[in-house]
Amino acid sequence: MDKPVEHITFTNESGGHRGRYIEHCDVEEKKNKGENEAHHAFNLLKKYNATDKIEAILVDNTAKNTGRLNGLHPNLERLLQRPIHLITCMLHINELPLRHLFVELDGKSKTPGKYSGPIGKAIENSVWNDEPVTFKSISVSQDFVNLNSSDKKDLSNDQKLLYAYCLAISSGEVPDDVKGKKPGPVFHARWLTTAIRVMILYTRTNNPSPELMLLTEFIVKSYTFFWFRIRQLDNFTKAPQILHEMVHILNDFPDVVKDIVVPVIKRNSFCLYSDNFLASLLFSTVREHRQKAVDVIIDCRRSPKQPGEKLRNGASFVQTVRTQALPKIDFGAATWTELISLQDNDMFEPPCSKTLSEQDLFNLIDDPIDPPNYPIHSQSVERGVALTTKVVKRAASLEKRNNLAQSTVRARQRRGSFFTKKSYTFE
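In what follows, the accompanying structure is described. (Residues numbered from 1 in each chain as written. Predicted model: local features only at pLDDT ≥ 70, side-chain atom pairs only at ≥ 80, totals over all residues. Heavy atoms only, no water.)

1. What about the overall build of the chain?
In terms of helices and strands, the chain carries 17 helices and 8 strands. The proportion of buried residues among the 427 residues of the chain is 50%. Total accessible area on the chain stands at roughly 22100 Å², and carbon and sulfur atoms take up 48% of it. (Helix = DSSP H or I, 4+ residues; strand = E, 2+ residues; numbered from the N terminus. Buried < 20%, exposed > 50% of the residue type's maximum accessible area, 1.4 Å probe, protein only. Areas by Shrake-Rupley, 256 points an atom, 1.4 Å probe, with all protein chains shown as cover.)

Written out as structure tokens, the structure reads:
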């Protein structure tokens, strides 16, 4: 019997080729998934002569990627023998509270496309075909992003519908051009479509239940707001700012929501790892923040930390490059810069600042520079995964699949983007 095989997709997420598909590889399922995937990533870096250049990896928030000992990140650091930034997808972090809140308020799912509770069962129906009722408006933040027609061209139909229904519920009326639009299917890997369907159900329900009211309020005020906020502030140095906003908005919700969301944030606050947090301070537009970061980085250089501890891995021990733990978060912090204590946590210099001399750092205090162009979400990776899924069905060997994927990418680049039939011309 053939062993199950997973496919790992690699994309370039920095510079002028951001979001470009590189290739994929086949990985047999093993116990130490993080270690196994780290070896594949390391081999890819060697193939492209990038082992000395890579400064960061962008991953989803799963244990096999982020695990403190056995995750892809610490294993790749061991292979590289140096630290790199761990950037986790903020869109995924934004999705997790909604997922947990939905389960708490409506019950667990039965299958990937089926829910067990009354709300889940209702959103499986074609509720968008019903006429909207008179419903109570739910105000969205005044800082909610204002998309123009050009911005909307970059969105999928479901993303446009998410935006439209958030505005509709905020105004108290569903526009005629939105009423009959059909969202994507219910699937647990696509919580965006579930959020849309919940909002549609709310606008079609007389006397909604307290659970439907609370879930819709969370989707409008938090999930949708931050989905577009993350897209707007698309640099990894903005993640602590967004996380602080997520914490602050919890004050608008009852304790039942806080009890669910707070632990989720605590478990996924990788943007507050000391190297990521210092990078956010270092590239801030506020001089005081840059001064604080430079002071800490200089101290890190002059009093370097000892190598990471030896941690138990089954029957043996593994030497880590460094040992980072998720810091304690101050949920009452007035600003994002106060989310963690710089004194009570081990500080590590950001990998992205290691090429700067001490004089460069001091100059940066009064003369700020742009941060590295590293994204805050992995949405382009999802497009790469979709391409991998497509070519896996069409070719058997890994080499043929990667060749097919690369030819597809080249064809898309030559074709370009066309929004109307008139703009599609032939030479």
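2. A look at the side chain of Asn61
With respect to the element layout, Asn61 can be found in the loop between β3 (56–59) and α2 (63–66). Accessibility expressed as a relative area gives 10% for Asn61, which makes it buried. Among the polar contacts made by the side chain of Asn61, one reaches the side chain of Asn268 at a distance of 3.4 Å. Leaving out residues up to four positions away in the same chain, Asn61 has contacts with Thr66, Thr88, Cys89, His92, Ile93, Asn268 and Phe270. (Polar contact = N/O pair within 3.5 Å; in protein donor to acceptor, adjacent residues only side chain to side chain. Contact = heavy atoms within 4.5 Å.)

3. Some points on the pairing of β3
With burial as the criterion, each face of β3 is covered, one bearing Ala56 and Leu58 and the other bearing Ile57 and Val59. Of the strand pairs in this sheet, β3 and strand β4 (residues 85–88) are connected by 4 bridges, and their pairing is parallel. Bridge pairing in β4 places Leu58 opposite Ile87. (Pairing = 2+ DSSP bridges.)

4. Focus on the pattern of salt bridges
Enumeration according to the criterion identifies 14 salt bridges in this entry. Here Lys33 makes a salt bridge to Glu6, at a shortest N to O gap of 3.6 Å. Residue Lys33 is found in helix α1 (residues 33–47), and its partner Glu6 is found in strand β1 (residues 5–12); the two are separated by 27 residues along the sequence. Residue Lys33 is classed as partly exposed on the basis of its relative accessible area, which comes to 30%. Residue Lys47 pairs with Glu23 through a salt bridge whose shortest N-O separation is 2.8 Å. You can see Lys47 sitting in helix α1 and its partner Glu23 sitting in strand β2 (residues 20–28), a full 24 residues away along the chain. (Salt bridge = Lys/Arg side-chain N within 4 Å of Asp/Glu carboxyl O.)

5. Regarding helix α15 (residues 358–366)
Of the positions making up α15, those classed as buried are Leu361, Leu364 and Ile365. One side of α15 holds all its buried residues, which, seen down the axis, span an arc of 110°. The inward-facing, buried residues of α15 contact α13 (274–282) and α14 (287–302). (Arc of directions from axis to C-beta.)

6. Regarding empty space enclosed by the protein
Which parts of space are left empty comes out when a probe the size of a water molecule is rolled across the atoms. Summed over all chains, the structure comprises 3 cavities of 30 Å³ or more. Estimated volume of the largest cavity: approximately 100 Å³. At 3 residues, helix α3 (residues 72–80) tops the list of elements feeding residues into the lining of the largest cavity. Of the residues contributing to the lining of the largest cavity, the split by class is 3 nonpolar, 5 polar and 3 charged. Taken as a whole, the second largest cavity holds about 80 Å³ of empty space. Put simply, the parts of the chain that give the lining of the second largest cavity at least two residues each are β4, α11 (239–249) and α13. (1 Å grid on protein atoms, 1.4 Å probe; cavity = no way out; pocket = protein on both sides within 12 Å on 5 of 7 lines; lining within 4 Å. Points joined across faces, edges and corners; volume = space filled by probe spheres on them. Nonpolar A, V, L, I, M, F, W, Y, C, P; charged D, E, K, R; others polar.)

7. Quick word on the layout of surface pockets
The calculated volume of the second largest pocket comes to roughly 1100 Å³. Together, 28 residues line the second largest pocket, and Gly19, Gln379, Ser380, Arg383 and Arg412 are the ones closest to its centre. Secondary-structure elements contributing two or more residues to the lining of the second largest pocket are β2, α16 (379–392) and α17 (398–415). In terms of residues, the lining of the second largest pocket owes the most to one element, α16, which gives 9 residues.

8. What about the nonpolar core?
Core analysis: the largest hydrophobic core is formed by 98 residues, its most contacted members being Leu162, Leu215 and Phe228. For this core, the leading source of residues is helix α10 (residues 210–232), giving 12 residues. When sequence neighbours within four positions are dropped, the list of residues in contact with Leu215 reads Leu98, Leu101, Phe102, Leu105, Ile119 and Val198. (Core = buried A, V, L, I, M, F, W, Y, C linked by side-chain atoms within 4.5 Å.)

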